[in-house]
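Per-entry structural report
Here is what each chain is made of, one letter per residue.
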Amino acid sequence: MQVVAAIYRLAISLWLGGAALFTFVLTPILFRSESRDVAGRIVGLFFPGYFRWGVACGVIAIICRVVMAGKGTVPAAVIIAVMLTLSSIQAFYIEPKAAEIKKQIPSFETTPKEDPMRRQFSKLHGVSAVCNLSVIAGGVVLVILL
């Protein structure tokens, strides 16, 4: 059972740490040091793997949490299920749709913000940002509950 608990802690830590690093360190550095179009292209290349990483960590974490059963199982499992749902929505709905829309925008630097494709992309980006911050918040709660 100690091995399962260690795998659980590792999955939560890797999920939260990866999300925090990508969101609060790497992405801001890219957008400060590169043009908006270049930074967006680089981040766009990482998104599929980033979101699938969250899904993989979430699946491992929820399996471990259920196997561990006991005090705190239900609240932690609910938090993980919500995080996993949000990560899955990002991985399998938002990211592919945003990537498709992004292909139709020649440049984020020259295309007006009022452009219909830009507005669609911005909406998806906003939803994705809320999902991402919610996953990070859930991860923080899970670390506190450890």
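None of the values given here were measured: they were computed from a predicted structure.

So, about the pattern of salt bridges. Enumeration over the complete set of coordinates arrives at one salt bridge. Note that glutamate 100 is salt-bridged to lysine 103, the shortest N-O span being 3.7 Å. Within this pair, glutamate 100 and its partner lysine 103 are both found in helix α3 (residues 73–103), separated by three residues, close to a single helical turn. The exposure class of glutamate 100 is partly exposed, given its relative accessible area of 42%.

Think of an α-helix as 3.6 residues a turn; residues three or four steps apart then line up on the same face. Over its 33 residues, helix α2 (residues 36–68) runs 45 Å from end to end, which matches the ideal 48 Å to within 8%, given 1.5 Å per residue. Looking one or two places after α2, you find alanine 69, whose phi comes out positive at around 30°.

With that out of the way, let us pick up the packing of aromatic side chains. All told, the structure shown has six aromatic pairs when counted by the stated rule. When the centroid spacing of 6.3 Å and the interplanar angle of 45° are considered together, the rings of phenylalanine 47 and tyrosine 50 count as tilted. On the criterion of helical spacing, the pair formed by phenylalanine 47 and tyrosine 50 is a turn pair, its members being three residues apart in helix α2. For phenylalanine 47, a relative accessible area of 25% corresponds to the partly exposed category. A cation over a ring is seen here: arginine 65 above tyrosine 8, with NZ or CZ 5.2 Å from the ring centre.

Definitions and cut-offs
Counting restarts for each chain, with residues numbered from 1 along the sequence as it is written. Residue-level local features of this predicted model are given only where pLDDT is at least 70; pairs of side-chain atoms are given and counted only at 80 or more, and the full residue set underlies all totals for whole chains, interfaces and linings. By convention in this description, side-chain values take in all heavy atoms of the structure and omit both hydrogens and water. Here a salt bridge means any side-chain nitrogen of Lys or Arg lying within 4 Å of a carboxyl oxygen belonging to Asp or Glu. Only runs of H or I of at least four residues qualify as helices and only runs of E of at least two qualify as strands under DSSP, and these elements are numbered from the N terminus. Throughout, exposure labels follow a simple rule: accessible area from a 1.4 Å probe, protein chains only, divided by the maximum for the residue type, with under 20% read as buried, over 50% as exposed, and the rest as partly exposed. By this rule the span expected of a helix is its residue count minus one, scaled by 1.5 Å. A pair of Phe, Tyr and Trp rings is counted when the ring centres sit within 6.5 Å of each other, with Trp represented by its six-membered ring. The angle between the planes then sorts it: under 30 degrees is stacked, over 60 is edge-to-face, the rest tilted. Charge-over-ring placement is defined geometrically: NZ (Lys) or CZ (Arg) within 6 Å of the ring centre, and within 35 degrees of the ring normal.

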